[in-house]
Amino acid sequence: MDEIDVVIFEQPEEDLDRMRFIIRNTIPAFVNALRRIMIAEVPTLAIEDVIFLENTTPLQDEFIAHRLGLIPISTDLSILNFKEECSCEGAGCPQCTVSLTLEAETTEDESMVVYSGDLNSTDPLLAPVHDKIPIIKMSPGQRLILEAIAQLGTGKEHAKWQPVSTASYQYMPSIEIQPRKTEPEIAEACPRGVLMYNEDSETIDVVNLYDCNLCMECVKAAEKADDPDVIRVDSSPHNIIMTVEPTGALPADEIVFEAANILKERASTFIEALKEAITKKEEVKQ
Ligand code: SF4
Ligand SMILES: [Zn+2]
């Protein structure tokens, strides 16, 4: 097989944007390993501990803490350590934790919604990604004062640490269309806008190949229209389209890089373990 090659066809402009790319000359097992690492092992920040100083709202502390935990927090992996691996030995320090405080109070004649944007972080670069995630609706005369501590974690511990809402892949489609007059129903059958009927030439064009999900509705429509050979849809397991939709905690390209590095480290560890096992075997032989 030729060398692996990557083509990005949907480049994220902002941290929240999804990234779509083709991995050429690969196999599904490799892409799936990458996908699983993105979901379960690339770390992000999420709120883990909440200290309630005052809560006179009807919602229990546990409910509020759970909601806070699910708020995506922008993460800088270059400056943060896992709490258990930090030089503070798990006590919590600015290198492994981020403190976010919230102070909300309603007067006797007002009610209000407290949003994620009301959390004040000690580091403005490590703060909630979105400002408008509702946390609680407060009725008149209530107070909520708390300190939330965010720390690094991974999706295999809890989904709140997942850096992606979606990481998926599909085989790269190839669509072959005969350049002859045919029925518009074939293009109209496509639910993804991949095909377009050209009224002038009465032929079908492929306008959006990467959105094809290989559903075969167009092939069925061609058979129904008594023109089964006009379109051929195929796919290759060696060329794979990957879609990465980040939660915003980390940009999509960084998530892919981190996942690839984790996979590389694992392969290096395996090589070392294998070398050691071979050496031991040879020693036993002698
Ligand atoms: S296989 Fe499905 S998505 Fe792809 S072109 Fe045909 S109808 Fe559209
Ligand atoms: Zn620390």
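For clarity, every value in this text was computed on a predicted model and none was experimentally measured.

**A few points about the site of ligand 1**
Next, step 1: In the vicinity of ligand 1 lie 14 residues, with Cys190, Cys212, Cys215, Glu217 and Cys218 positioned nearest.
Next, step 2: Class assignment for the residues of the shell around ligand 1 results in 11 nonpolar, one polar and two charged.

**Examining the sheet that holds strand β3 (residues 44–55)**
Next, step 1: Strand order in this open sheet of four strands is β3-β8-β4-β6, and the pairing throughout is antiparallel. The open sheet has two edge strands with one neighbour each: β3 and β6 (120–121).
Next, step 2: Relative to strand β8 (residues 143–153), strand β4 (residues 97–105) is paired through nine bridges, and the arrangement is antiparallel. Within β8, the position partnered with Glu105 by the bridge is Arg143.
Next, step 3: Along the sheet, helix α2 (residues 61–69) contacts β3 and β8; its crossing angle with β3, the most-contacted strand, is approximately 150°.

**Quick notes on the environment of Ser236**
Next, step 1: Along the chain, Ser236 turns up in strand β12 (residues 231–246).
Next, step 2: Counting along the chain gives 63 residues from Ser236 to Pro173, while the straight-line C-alpha distance between them is 6.8 Å.
Next, step 3: The contacts of Ser236, once residues within four sequence positions are left out, are Tyr171, Met172 and Ser174.

**A closer look at the packing of helix α1 (residues 28–40) against helix α5 (residues 252–285)**
Next, step 1: The geometry of α1 relative to α5 is characterised by a closest axis approach of 9 Å and an angle of 110° between their N-to-C directions. In terms of axis orientation, α1 runs roughly perpendicular to α5. Relative to α5, α1 is oriented so that their crossing is right-handed. Of the residues in α5, those in contact with Ala33, Leu34, Ile37 and Met38 of α1 are Ile255, Ala259, Ala260, Ile262 and Leu263.
Next, step 2: Tallied by class, residues from the contact of α1 with α5 come to nine nonpolar, no polar and no charged.

Calculation rules
Residues numbered from 1 in each chain as written. Chains lettered and ligands numbered in written order. Predicted model: local features only at pLDDT ≥ 70, side-chain atom pairs only at ≥ 80, totals over all residues. Near = placed C-beta within 6 Å. Nonpolar A, V, L, I, M, F, W, Y, C, P; charged D, E, K, R; others polar. Pairing = 2+ DSSP bridges. Helix = DSSP H or I, 4+ residues; strand = E, 2+ residues; numbered from the N terminus. Contact = placed C-beta atoms within 7 Å. Axes fitted to C-alpha atoms, helices over the stretch in contact; angles between N-to-C directions. Parallel < 35°, antiparallel > 145°, perpendicular 65-115°, else oblique. Left-handed = near helix turned anticlockwise from the far one by under 90°.

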